[in-house]
Amino acid sequence: KQEVTQIPAALSVPEGENLVLNCSFTDSAIYNLQWFRQDPGKGLTSLLLIQSSQREQTSGRLNASLDKSSGRSTLYIAASQPGDSATYLCAVSPLVGTGFQKLVFGTGTRLLVSP
Amino acid sequence: EPEVTQTPSHQVTQMGQEVILRCVPISNHLYFYWYRQILGQKVEFLVSFYNNEISEKSEIFDDQFSVERPDGSNFTLKIRSTKLEDSAMYFCASSRGNEQFFGPGTRLTVL
């Protein structure tokens, strides 16, 4: 059974710092990995999708990497801003059938960026 | 930009009552999903739906739950007889096959 773990559970940094969020998964047979942002009491906003054949994806100040064989992904946030404060969720799509099935989520990293 | 919408944003119901949660997926998407998040816990998969049938369901998705796509735009989750432990945030998602896009959620409170 696929398990997804995120470390750290919470992170507090001053504005302007670069930071790395970690995600690990137990089964390397995945179709893709997706990073989300969740604001308190709100829905999930997709940030980046990495296909299993890819090593990284970039969007603005965000860069996500994937090492499928070791079961790890990192989300790098450059020059953090207070508006980045949110919970960041990592989710993998297990390689079953077409792969267009469920996402298995981690518990998230709660990020606070202070001015 | 197209987005997934959900109604209502908050539903309060008595234990044993039926509830229907509604979602309008992004219009050209083919795959539809329901997830739930109990307060303070992980987001959990409930069910996926493709080509007018369930393609996968979790062990949470028992006989009390059902999904339907009654027309070309709506996607619904019905809970027949709600229990206290069904209290959670319910998220609908849709995709064209890869990236899943989530709605804002319906907070269900069972009293």
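Everything below is about the structure shown above.
Asker: How should the sheet that holds strand β3 (residues 19–25) of chain A be read in this particular structure?
Answerer: Residues and elements named next belong to chain A. Pairing is antiparallel in the open sheet, where 5 strands are placed in the order β1-β3-β8-β7-β6. At either margin of the open sheet sits one strand with a lone partner, and together these are β1 (4–7) and β6 (56–59). In this sheet, adjacent strand axes meet at a mean angle of 15° when their direction is disregarded. For strand β7 (residues 62–67) and strand β8 (residues 72–77), the ladder comprises 6 bridges, and the chain directions are antiparallel. Within β8, the position partnered with D67 by the bridge is R72.

Asker: Help me understand the interface of chain B and chain A, please; the structure alone is not making it clear to me.
Answerer: The figure often quoted for interface size is the accessible area lost as the parts come together. Taken residue by residue, the interface counts 20 residues in chain B and 22 residues in chain A. When the area that chain B buries against chain A is broken down by residue, the three leading residues are B:K42, B:N98 and B:F102, summing to 30%. Along the contact surface separating chain B from chain A lie 1 salt bridge. Residue A:K102 is joined to B:E56 by a salt bridge in which the shortest nitrogen-to-oxygen separation is 3.6 Å.

Asker: I tried to follow the packing of aromatic side chains on my own but got confused; where do I start?
Answerer: Ring pairs (aromatic) are described by centroid distance and by the angle formed between their planes. Tallying each qualifying case throughout the model produces 13 aromatic pairs over all chains. Centroid distance A:F105 to B:F102: 6.0 Å. Interplanar angle 85°. Geometry classified as edge-to-face. Residue A:F105 is located in strand β10 (residues 104–105), and its partner B:F102 is located in strand β10 (residues 101–102); the two belong to separate chains. Looking at A:F105, the relative accessible area reads 2%, which means it is buried. Through a chain of ring-to-ring contacts, three or more aromatic side chains come together here, namely A:F36, A:F105, B:Y33, B:Y35, B:F45, B:F91 and B:F102.

Asker: Looking at this structure, how should I read the pairing of strand β8 (residues 75–79) of chain B?
Answerer: Within a regular beta strand, the side chains point alternately toward one face of the sheet and then the other, so they alternate between its two faces. All names here are of chain B. Of all 5 residues in β8, 4 are buried; the element is thus mostly enclosed. In this sheet, β8 lies alongside strand β3 (residues 19–24) in antiparallel orientation, the contact comprising 5 bridges. Residue pairing across strands places C23 opposite F75, the latter belonging to β8. The pairing of strand β7 (residues 65–68) with β8 spans 4 bridges and is antiparallel. Looking at β8, one finds that S66 is bridged to K78.

Asker: Just checking my understanding: could you explain the state of the cysteines for this structure?
Answerer: When the sulfur atoms of two cysteines share a covalent bond, that bond is a disulfide. Taken as a whole and judged by the stated rule, the model has 2 disulfides over all chains. The side chain of A:C23 participates in a disulfide bridge whose partner is A:C90; the two sulfur atoms lie 2.0 Å from each other. Between A:C23 and A:C90, the disulfide has an S-S torsion of -60° and is therefore left-handed. Within this pair, whereas A:C23 is found in strand β3, its partner A:C90 is found in strand β9 (residues 86–94), the two being separated by 67 residues in sequence. The exposure class of A:C90 is buried, given its relative accessible area of 0%. One disulfide in the model links B:C23 with B:C92; its S-S distance is 1.9 Å. Residues B:C23 and B:C92 share a disulfide whose torsion about the S-S bond is about -60°; that sign makes it left-handed.

Asker: How do you make sense of the nonpolar core when you look at a structure like this?
Answerer: Side chains of nonpolar character tend, in soluble globular proteins, to be buried together. Counting residues in each nonpolar core, the largest one holds 24 residues, and the members touching the most others are A:L33, A:W35, A:L75 and A:Y88. Residues within four places of A:L33 in sequence aside, it is in contact with A:C23, A:F25, A:L48, A:L49, A:I50, A:L66, A:S73, A:C90, A:A91 and A:V92. Judged by nonpolar contacts, the second largest core, of 23 residues, contains B:I26, B:F65, B:F75 and B:I79.

Definitions and cut-offs
- Residues numbered from 1 in each chain as written.
- Chains lettered and ligands numbered in written order.
- Predicted model: local features only at pLDDT ≥ 70, side-chain atom pairs only at ≥ 80, totals over all residues.
- Heavy atoms only, no water.
- Pairing = 2+ DSSP bridges.
- Helix = DSSP H or I, 4+ residues; strand = E, 2+ residues; numbered from the N terminus.
- Axes fitted to C-alpha atoms, helices over the stretch in contact; angles between N-to-C directions.
- Contact = heavy atoms within 4.5 Å.
- Buried area = accessible area lost by both parts, 1.4 Å probe.
- Salt bridge = Lys/Arg side-chain N within 4 Å of Asp/Glu carboxyl O.
- Phe/Tyr/Trp six-rings, centres within 6.5 Å; stacked < 30°, edge-to-face > 60°.
- Buried < 20%, exposed > 50% of the residue type's maximum accessible area, 1.4 Å probe, protein only.
- Disulfide = S-S within 2.5 Å.
- Core = buried A, V, L, I, M, F, W, Y, C linked by side-chain atoms within 4.5 Å.

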